Amino acid sequence: MTRPPVSARLGTTRFVTDTIRHIDPSQLRAGSPAARAVIAVCPAGVYREHGEDVVADDAACLECGACLAVVEEGLRWTYPRGGQGVSFRQG
Ligand code: SF4
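**Details of the overall build of the protein**
The helix and strand tally for the protein stands at three helices and six strands. Reading the protein from its N end, one meets helices and strands in the order α-β-β-α-β-β-α-β-β. Taken along its principal axes, the extent of the C-alpha atoms in the protein is 50 × 25 × 20 Å. For the protein, with 91 residues in total, the buried portion stands at 29%. In the protein, once contacts between residues fewer than 6 apart in sequence are set aside, the share between residues at least 24 apart is 63%. For the protein, the computed accessible surface area is about 6,000 Å², with 52% contributed by carbon and sulfur atoms. Each charge class in the protein was averaged separately, 10 positive and 10 negative side chains, and the resulting centres sit 11 Å apart.

Structure, rendered in structure tokens:
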């Protein structure tokens, strides 16, 4: 049996956007090592610099935890509430 490519399998991923934000990067400053780290490591492109701030598109988060692994402080991240967030359909 041939397995579909990763892009096709990720295309079946379902997102339910929580009305309460689960990512707060407001303590990160654009251009800082921490900001560069989260932008570089996030596979979903959730973070971007906006002026002197760092902003996050919570709805695209894959809940992989990589951003938490590269920043010691300045980032608040929790899982979305139950039933919200990402649902992977195919491993
Ligand atoms: S948990 Fe993963 S996908 Fe979500 S913001 Fe962090 S690095 Fe990006």
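**Considerations on the packing of aromatic side chains**
Inspection of the entire model under this criterion finds one aromatic pair. Between Trp77 and Tyr79, the ring centres sit 5.0 Å apart and the planes meet at 75°, which makes this aromatic pair edge-to-face. Look at Tyr79 and you get exposed, because its relative accessible area is 57%.

**A word on unusual backbone geometry**
Despite not being glycine, Glu63 has its phi angle at roughly 60°, a positive value. Structurally, Glu63 can be placed in the loop between strand S4 (53-56) and helix H3 (66-70).

**Overview of the side chain of Thr13**
The residue Thr13 is located in the loop between helix H1 (6-10) and strand S1 (14-16) in this model. The exposure class assigned to Thr13 is buried, which follows from its relative accessible area of 13%.

**Side note on the pattern of salt bridges**
Pairs may arise between side chains of opposite charge once their charged atoms sit close together. Under the definition given, this model contains three salt bridges. Measuring nitrogen to oxygen at the nearest pair gives 2.6 Å for the salt bridge that ties Asp18 to Arg81. Taken together, the residues Asp18 in the loop between S1 and strand S2 (23-24) and Arg81 in the loop between strand S5 (76-77) and strand S6 (85-87) connect sequence positions 63 residues apart. The exposure class assigned to Asp18 is buried, which follows from its relative accessible area of 12%.

**Brief notes about the environment of Arg76**
Assignment of secondary structure puts Arg76 in strand S5. Non-local contacts of Arg76, meaning those with residues more than four positions away in its chain, are made with Arg21, His22, Ile23 and Asp24. Looking at Arg76, its side chain comes within polar contact range of the main-chain oxygen of Arg21, at 3.4 Å.

**Comments concerning the nonpolar core**
One finds Ile23, Val38, Val46, Tyr47 and Leu75 to be the most contacted residues of the largest nonpolar core, which totals 14 residues. Counting residues per element, the ones that place at least two in this core are helix H2 (33-41) and S4. Look past the residues within four positions of Ile23 in its chain and what remains in contact with it is Val46, Tyr47, Ala56, Asp58, Cys61, Leu75, Arg76 and Trp77.

**Some points on the pairing of S4**
Side chains Val54 and Ala56 of S4 all project onto a buried face; the interleaved residues Asp53 and Val55 project onto a face where none is buried. By the bridge criterion, four bridges tie strand S3 (residues 47-50) to S4 in an arrangement that is antiparallel. Considered in S4, the bridge of Glu49 is made with Val54. Taking the residues between adjacent antiparallel strands as the criterion, S3 and S4 are bridged by two residues, where Gly51 takes a positive phi near 65°.

Definitions and limits used
Residues numbered from 1 in each chain as written. Predicted model: local features only at pLDDT ≥ 70, side-chain atom pairs only at ≥ 80, totals over all residues. Heavy atoms only, no water. Helix = DSSP H or I, 4+ residues; strand = E, 2+ residues; numbered from the N terminus. Buried < 20%, exposed > 50% of the residue type's maximum accessible area, 1.4 Å probe, protein only. Contact = heavy atoms within 4.5 Å. Areas by Shrake-Rupley, 256 points an atom, 1.4 Å probe, with all protein chains shown as cover. Lys, Arg positive; Asp, Glu negative; His and termini not counted. Charge placed at Lys NZ, Arg CZ, Asp CG, Glu CD. Phe/Tyr/Trp six-rings, centres within 6.5 Å; stacked < 30°, edge-to-face > 60°. Salt bridge = Lys/Arg side-chain N within 4 Å of Asp/Glu carboxyl O. Polar contact = N/O pair within 3.5 Å; in protein donor to acceptor, adjacent residues only side chain to side chain. Core = buried A, V, L, I, M, F, W, Y, C linked by side-chain atoms within 4.5 Å. Pairing = 2+ DSSP bridges.

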